[in-house]
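Each chain, letter by letter, is given below.
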Amino acid sequence: MAMSALIKSLEDIMRKDAGLNGDAQYIEQITWLLFLKAFDAKEMEWEFRPEYRGSTIPEGFRWRDWADDKEGITGDALIKFVDELFDKLKKLDVSDGDLKKFVVRNVFTDINNYMKSGIYLRQLINRINEKVDFIDATQKHTFNELYEGMLKDLQSAGRAGEFYTPRPVTNFIVEKIDPKLGETVLDPACGTGGFLTSTIAHMGSITTTEQLNTLQTTIFGWEKKPLPYLLAMTNLILHDIETPQIRHINSLNRPVTDYSAKDRVDVIVANPPFGGAEDDAVKQNFPAEFRTSETADLFLVLMMYLLKDKGRCGVVLPDGFMFGDGVKAAIKKRMLDEFGLHTIIRLPQVFKPYASVNTNLLFFQKGVPSRGVWFYRLDYPEGVKSFTKTRPMLDKHFDPVREWWADKQPIVVEGKDKARFFTVDELVALNYDFDKCCPFPHEEEEILEPAELIARYQSERAELNANIDRILTEISAMLEVKES
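Residues numbered from 1 in each chain as written. Predicted model: local features only at pLDDT ≥ 70, side-chain atom pairs only at ≥ 80, totals over all residues. Heavy atoms only, no water.

Draft legend 1. Highlighting the side chain of K101. As for its position among the elements, K101 is in helix α5 (residues 99-108). In this structure the side chain of K101 is engaged in a polar contact, spanning 3.1 Å, whose partner is the side chain of D96. (Helix = DSSP H or I, 4+ residues; strand = E, 2+ residues; numbered from the N terminus. Polar contact = N/O pair within 3.5 Å; in protein donor to acceptor, adjacent residues only side chain to side chain.)

Structure below.
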């Protein structure tokens, strides 16, 4: 069964249940079930390790104990059981220092079971069991595909308040930042963990216990919202991170001046939320020159504070950052003066259908002044007018950038810059208006004087009326022929 067909079948079951209301609840319902199934699959692996400390989830409440049996508990008894299950997981005793218990308890703190019918819940569980197998190594990425498929099928990103960063974008940023095993990597707005899983994949095969332990303790994420937090935890567990270092926090709630050397990291890769507005209390956590309501700008400042000296960052930012002045200009000045901003890739609308906004990939390194910035405009592939649900962006669409990146040279297409190096002095002269650097071509609108505009309108109207009269005459003639 294709992912889209599986998701539709799950939706069809949930729509019959009066307790569910809207896409966000559909996704949350499926996700906590997938988390428990995935966690149980990983526990079956951990049981064979000498350091295994016993089941994290109490026996009787593990997925295998109650969900695997197709003819098992159902109806009102199942709803009552799930209520008890949630109560147990939210109150797991972590006094023994078992980090896995801490992970499970945190995951379920803000998660709910919305289904009211135990019959439909049993049907949902059975369908998941039938089609999803996390023990099978070939299905390692099933969770990612399921979640991304849910977003595409439900078109719920805007309504649910979430949308994922296209995997080709996370892969490209990670590829160019090139984190190495042993370096600390952070995404302070990690969402469902896409940048972190791309990082794990980029680091390649982990073959020793020592390497695995290093990986476990150097990949970090912060996420504010409960549903993406749950998704990220599940995602990392399925990528062999037994106790994901993901904190369920609002990254902007701490004064940036509170961060010390022990908090700083080697690498940051992120797509911070943009378009949001923060309140005055949050803005007070930032120096006066960087105080703004725009969420993406505050996250960018936060990242600058969180990098170690010579630390590297790749980040997605909207076009609004490129041409803005005021605080945005102050941030850009500091990036040039102290953070070695060196490359900006201008993207078309890769987030469709979830958001119609152009975005940009910024690459910089703390502790070195910028020599200037290379700008590259990534156009749609030939024959493609936009990315859609059925024709999304693919890894290969970044191949032109990869080829150019290997030997950066200016490119001019039809008399306009597609790739160009701007010196710091040139960017200062532009008042830090980066939007003037390799912009996407726009159709020029002809602005006419009022008298000329009226004359053109009257001419076009007369031509239209004449055409209408001609068509009516032809129709009348045809009718007369028929009547005769």
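Draft legend 2. Spatial organisation of the nonpolar core. Of all hydrophobic cores here, the largest spans 83 residues; its most connected members are F35, L36, W66, I345 and L361. Top element by residues in this core is helix α2 (residues 23-46). It accounts for 11 residues. In contact with W66, not counting residues within four places along its chain, are L36, G60, F61, I73, L78, F81, V82, L85, R122 and I125. (Core = buried A, V, L, I, M, F, W, Y, C linked by side-chain atoms within 4.5 Å. Buried < 20%, exposed > 50% of the residue type's maximum accessible area, 1.4 Å probe, protein only. Contact = heavy atoms within 4.5 Å.)

Draft legend 3. Broad picture of unusual backbone geometry. Positioned with a positive phi, D178 is a non-glycine residue whose angle comes to about 55 degrees. Structurally, the position occupied by D178 is in the loop between α9 (167-177) and β1 (185-187). Classification of D178 by relative accessible area gives partly exposed; the value is 29%. If you check the backbone angles, N431 has positive phi at about 55 degrees while not being a glycine. On the secondary structure map, N431 appears in the loop between α18 (424-429) and α19 (450-483). Look at N431 and you get exposed, because its relative accessible area is 58%.

Draft legend 4. A look at helix α16 (residues 327-338). Relative to the 16 Å expected for 12 residues at 1.5 Å per residue, α16 spans 16 Å between its end C-alpha atoms, a close match to the ideal helical length. Within the span of α16, buried status applies to V327, K328, A329, I331, K332, R334, M335 and L336. In this fold, the buried residues of α16 make contact with α14 (295-306), α15 (319-323), β7 (359-365), β8 (373-377) and α18. (Expected span 1.5 Å × (residues − 1).)

Draft legend 5. Highlighting the packing of aromatic side chains. Tallying each qualifying case throughout the model produces 20 aromatic pairs. Ring centres of F35 and F39 lie 5.8 Å apart, and the angle between their planes is 25 degrees; on these two criteria the pair is classed as stacked. Residue F35 and its partner F39 are both found in helix α2; the two are separated by four residues, about one turn of the helix. For the pair shown, F35 and F39 are each scored as buried. With a centroid separation of 5.2 Å and 90 degrees between ring planes, the pair formed by F86 and F108 is classed as edge-to-face. Here F86, found in helix α4 (residues 75-90), pairs with F108, found in helix α5; they are 22 residues apart in sequence, far enough to count as distant. Per residue, the accessibility class of F86 equals that of F108, and both read buried. Members of the aromatic cluster, each reached through a chain of ring pairs, are W32, F35, F39, W46, F86 and F108. The residue whose ring lies beneath R254 is Y259, and the NZ or CZ to ring-centre distance is 4.2 Å. Sitting over the ring of F422, R420 keeps its end group 4.0 Å from the ring centre. (Phe/Tyr/Trp six-rings, centres within 6.5 Å; stacked < 30°, edge-to-face > 60°. Lys NZ or Arg CZ within 6 Å of the ring centre and 35° of its normal.)

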